[in-house]
Amino acid sequence: DDEEDDEEDDEEDDEEDDEEGKLKKFDGRGMLVIDLCSGKAITATMMNFVFPKARIIAVDKDHRMCMSHINHLDRVSYKFADITEPEFGLWLNKTVQSHLNVHNTGGSHPPDTPPRLPPSPPRFVVMVGVHLC
């Protein structure tokens with residue numbers, strides 16, 4: 001009986017509707033995923049399908065891998081890099097900061113008031129390292 005109650009609770013959670021009666025789904029808008037030590041980018045590829053609006057970067061140091069299977073994925077890119085090298089740290093910092101930076105496009109404003117920015121989705125970064133060796 002406990003198992004049936006748990007299933008009913010899960011179904012109720014899944015059925016939370018928005019104002020229009022449709023299930024709200026997160027599409028990854030504003031999200032940057034960095035898949036560290038990704039191997040052939042299987043996790044990045046799956047995240048591409050789960051979060052169709054996310055930007056995804058797979059990172060691995062093995063230059064021998066053929067990565068042609070991700071060429072058709074518009075939002076997935078592959079970076080050959082060794083995550084233990086200082087250059088990678090610099091690249092990572094620049095990439096994350098660039099993604100999180102929201103540029104002021106609101107024109108001039110009085111000095112005492114914050115600029116008006118157009119509404120945009122929150123921006124955040126997710127780093128995964130499933131294949132760490």
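Computed from a predicted model, the values in this text were never measured in an experiment.

Q: Provide a residue-level description of the sheet that holds strand β3 (residues 76-80), including the pertinent values.
A: Taken in spatial order, the four strands make up an open sheet running β3-β2-β1-β4, and their pairing is parallel. Looking at which strands have only one partner, the edges of the open sheet turn out to be β3 and β4 (124-128). Ignoring strand direction, the axes of neighbouring strands in this sheet form an average angle of 20 degrees. Inspection of the sheet shows strand β2 (residues 55-60) paired to β3 by five bridges, in the parallel sense. Bridging across to β3, Ile 56 finds its partner in Val 76. Strands β1 (31-35), β2, β3 and β4 of the sheet are contacted by helix α2 (residues 42-50), whose axis makes an angle of about 175 degrees with β2. Against the sheet, helix α3 (residues 86-100) makes contact with β1, β2, β3 and β4, and its axis sits at roughly 145 degrees relative to β4, the strand it touches most.

Q: Pulling in residues and values, what's your account of the side chain of Asn 48?
A: Mapped onto the fold, Asn 48 is located in helix α2. Polar contacts involving the side chain of Asn 48 include one to the side chain of Arg 75, which spans 2.8 Å. Contacts of Asn 48, omitting those with residues within four sequence positions, involve Ile 56, Leu 73, Arg 75 and Val 76.

Q: A description of the packing of aromatic side chains should follow, citing residues and the corresponding values.
A: For any pair of aromatic rings, geometry is given as the distance between the ring centres together with the angle between the planes. Under the criterion given, the structure shown has four aromatic pairs. Joined through ring pairs, the aromatic side chains of Phe 26, Phe 51 and Phe 124 make up one cluster.

Q: Just give me the short version of the pattern of salt bridges, but keep the residues and values in it.
A: Taken as a whole and assessed by the stated rule, the structure comprises two salt bridges. A salt bridge links Asp 27 to Arg 29, with the nearest nitrogen and oxygen atoms 2.7 Å apart. The class of Arg 29 is partly exposed, set by a relative accessible area of 42%. Residues Arg 64 and Asp 62 are paired through a salt bridge, measuring 3.0 Å at the closest nitrogen-oxygen approach. Taking the relative accessible area as the measure of exposure, Asp 62 reaches 22% and is therefore partly exposed.

Cut-offs and rules
Residues numbered from 1 in each chain as written. Predicted model: local features only at pLDDT ≥ 70, side-chain atom pairs only at ≥ 80, totals over all residues. Heavy atoms only, no water. Pairing = 2+ DSSP bridges. Helix = DSSP H or I, 4+ residues; strand = E, 2+ residues; numbered from the N terminus. Axes fitted to C-alpha atoms, helices over the stretch in contact; angles between N-to-C directions. Contact = heavy atoms within 4.5 Å. Polar contact = N/O pair within 3.5 Å; in protein donor to acceptor, adjacent residues only side chain to side chain. Phe/Tyr/Trp six-rings, centres within 6.5 Å; stacked < 30°, edge-to-face > 60°. Salt bridge = Lys/Arg side-chain N within 4 Å of Asp/Glu carboxyl O. Buried < 20%, exposed > 50% of the residue type's maximum accessible area, 1.4 Å probe, protein only.

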